[in-house]
Amino acid sequence: MENLIQQVKAIYDKFDASHDFQHIERVLQNAESILEAEPDADKEIVRMAVLLHDVSDKKYTDSKEAEERLLNSLNLSDEKKQHIREVIASVSFNGGNELPAKTLEAKIVRDADRLDAIGAVGIARTFAYGGAKGRKLYDDEEVARISMTEVEYRSKNTSSVTHFYEKLLLLKDRMTTEKGKQMAEGRHAFMVTFLEQLQNEKEGKA
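Attention here is on the structure that accompanies the text. Note that the coordinates shown come from a computational prediction; the quantities given were computed from them, not determined experimentally. (Residues numbered from 1 in each chain as written. Predicted model: local features only at pLDDT ≥ 70, side-chain atom pairs only at ≥ 80, totals over all residues. Heavy atoms only, no water.)

## Re the pattern of salt bridges
Side chains that carry opposite charge are capable of pairing whenever their charged atoms lie near each other.
Line of reasoning, step 1. Under the defined criterion, the tally for this structure stands at 20 salt bridges.
Line of reasoning, step 2. Residue R26 pairs with D116 through a salt bridge whose shortest N-O separation is 2.7 Å. Taken as a pair, R26 in helix 2 (residues 21-37) and D116 in the loop between helix 6 (104-115) and helix 7 (119-132) lie far apart in primary sequence, 90 residues in all. Residue R26 shares its accessibility class with D116, and that shared class is buried. (Salt bridge = Lys/Arg side-chain N within 4 Å of Asp/Glu carboxyl O. Helix = DSSP H or I, 4+ residues; strand = E, 2+ residues; numbered from the N terminus. Buried < 20%, exposed > 50% of the residue type's maximum accessible area, 1.4 Å probe, protein only.)

What follows is the structure in structure tokens.
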């Protein structure tokens, strides 16, 4: 486990602050919180999937090479490796076109990752990623898309605030575990308050 942590850290430390190793550490913490309420889950699968889930993120690479290389270095059965692949594949939002989370482990990892996309940390990550990609903070003329393909989702350089309406504000109702749903409530409410305050400041009302 420690060897894998060091290998993935070397990869994540090359990403911007929205997807660095601190993100992985927080997702692990979220996953551990959910695991406490889900004793039947395979903890090893969950933890390995969390560590590996972004090493081949489409935002940073078109290749699955890192994921496959690290998976194949693990002393796990082929069945467990395939399970981890399936968990990782089900994590991404993909503009609302995510793959179904078919196993309890997939549900836990998805919820743990999405919890880190909302709330105070989610706000910070959104603007960190937007800054790294040269995106506007907001664009009052931009209309959030209700539905889109994965290609449309990834190709349009929308403002950071628009991202809240196209993804982040939708995540609370897409949580799949009871613990995830509970944890999402306060984080979602904080984002709503932030967006209201931001609008007031934009209009000189606060």
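Don't stop here, the text continues.
## Comments concerning the packing of helix 2 against helix 10 (residues 178-202)
Line of reasoning, step 1. Where helix 2 meets helix 10, the axes come as close as 9 Å, and the angle between the chain directions of the two elements is 135°. The angle between helix 2 and helix 10 falls in the class oblique. Only K179, G180, M183 and R187 of helix 10 make contact with helix 2, whose side of the interface consists of N30, S33, I34 and A37.
Line of reasoning, step 2. Here the contact of helix 2 with helix 10 is composed, by residue class, of three nonpolar, three polar and two charged. (Axes fitted to C-alpha atoms, helices over the stretch in contact; angles between N-to-C directions. Parallel < 35°, antiparallel > 145°, perpendicular 65-115°, else oblique. Contact = heavy atoms within 4.5 Å. Nonpolar A, V, L, I, M, F, W, Y, C, P; charged D, E, K, R; others polar.)

## Structural notes on the layout of surface pockets
The probe, sized like a water molecule, is rolled over the atoms to show the empty space still left.
Line of reasoning, step 1. Approximately 890 Å³ is the volume found for the largest pocket.
Line of reasoning, step 2. As for the largest pocket, its lining consists of 42 residues, and the residues nearest its centre are D57, K59, Y153, R154 and K167.
Line of reasoning, step 3. Broken down by secondary-structure element, the contributors of at least two residues to the lining of the largest pocket are helix 5 (78-89), helix 6, helix 7, helix 8 (150-155) and helix 9 (160-166).
Line of reasoning, step 4. Looking at which element gives the most residues to the lining of the largest pocket, the answer is helix 7, with five residues. (1 Å grid on protein atoms, 1.4 Å probe; cavity = no way out; pocket = protein on both sides within 12 Å on 5 of 7 lines; lining within 4 Å. Points joined across faces, edges and corners; volume = space filled by probe spheres on them.)

## Some points on unusual backbone geometry
Line of reasoning, step 1. If you check the backbone angles, N94 has positive phi at about 55° while not being a glycine.
Line of reasoning, step 2. Inspection of the secondary structure puts N94 in the loop between helix 5 and helix 6.
Line of reasoning, step 3. N94 gets classed as buried once you look at its relative accessible area, which sits at 8%.

## Focus: the packing of aromatic side chains
Line of reasoning, step 1. Applying the stated rule across the entire model yields six aromatic pairs.
Line of reasoning, step 2. Pairing Y12 with F15 gives two aromatic rings, centres 5.9 Å apart and planes at 80°, and the pair type is edge-to-face.
Line of reasoning, step 3. An aromatic cluster is present here, built from Y12, F15 and Y60 joined pairwise through their rings.
Line of reasoning, step 4. A cation over an aromatic ring shows up here: K202 above the ring of Y138, its NZ or CZ 4.3 Å from the ring centre. (Phe/Tyr/Trp six-rings, centres within 6.5 Å; stacked < 30°, edge-to-face > 60°. Lys NZ or Arg CZ within 6 Å of the ring centre and 35° of its normal.)

## Quick word on the nonpolar core
Line of reasoning, step 1. Counting residues in hydrophobic clusters, the biggest one holds 54 residues, and the most contacted among them are V8, L52 and I84.
Line of reasoning, step 2. Elements represented by at least two residues in this core include exactly helix 1 (2-12), helix 2, helix 3 (43-52), helix 4 (65-72), helix 5, helix 6, helix 9 and helix 10. (Core = buried A, V, L, I, M, F, W, Y, C linked by side-chain atoms within 4.5 Å.)

## So, the side chain of R110
Line of reasoning, step 1. Among the secondary structure elements, R110 is positioned in helix 6.
Line of reasoning, step 2. Here R110 occupies a buried position and makes no salt bridge, while the nearest side chain of opposite charge, E98, is found at 4.2 Å.
Line of reasoning, step 3. Setting aside residues no more than four positions away along its own chain, R110 makes contact with S90, V91, E98, L99, P100, A101 and T176. (Lys, Arg positive; Asp, Glu negative; His and termini not counted.)

## Here we look at the packing of helix 3 against helix 6
Line of reasoning, step 1. One can describe the packing of helix 3 onto helix 6 by two numbers: an axis separation of 9 Å at closest approach and a directional angle of 40°. Classed by the angle they form, the pair helix 3 and helix 6 counts as oblique. Regarding helix 3 and helix 6, the two cross each other, and that crossing is right-handed. Contact residues: helix 3 offers I45, V46, A49 and V50, while helix 6 offers E105, I108 and V109.
Line of reasoning, step 2. When grouped by side-chain class, the residues that make up the contact of helix 3 with helix 6 number six nonpolar, no polar and one charged. (Left-handed = near helix turned anticlockwise from the far one by under 90°.)

## Concerning the environment of V109
Line of reasoning, step 1. With respect to the helices and strands, the residue V109 is situated in helix 6.
Line of reasoning, step 2. Residue classification places V109 among the buried positions, given a relative accessible area of 0%.
Line of reasoning, step 3. Taking the C-alpha atoms as reference points, V109 and I34, 75 residues apart in sequence, are found 9.1 Å from one another.
Line of reasoning, step 4. When near neighbours in sequence (up to four residues on either side) are disregarded, V109 contacts V46, A49, V50, V87 and V91.

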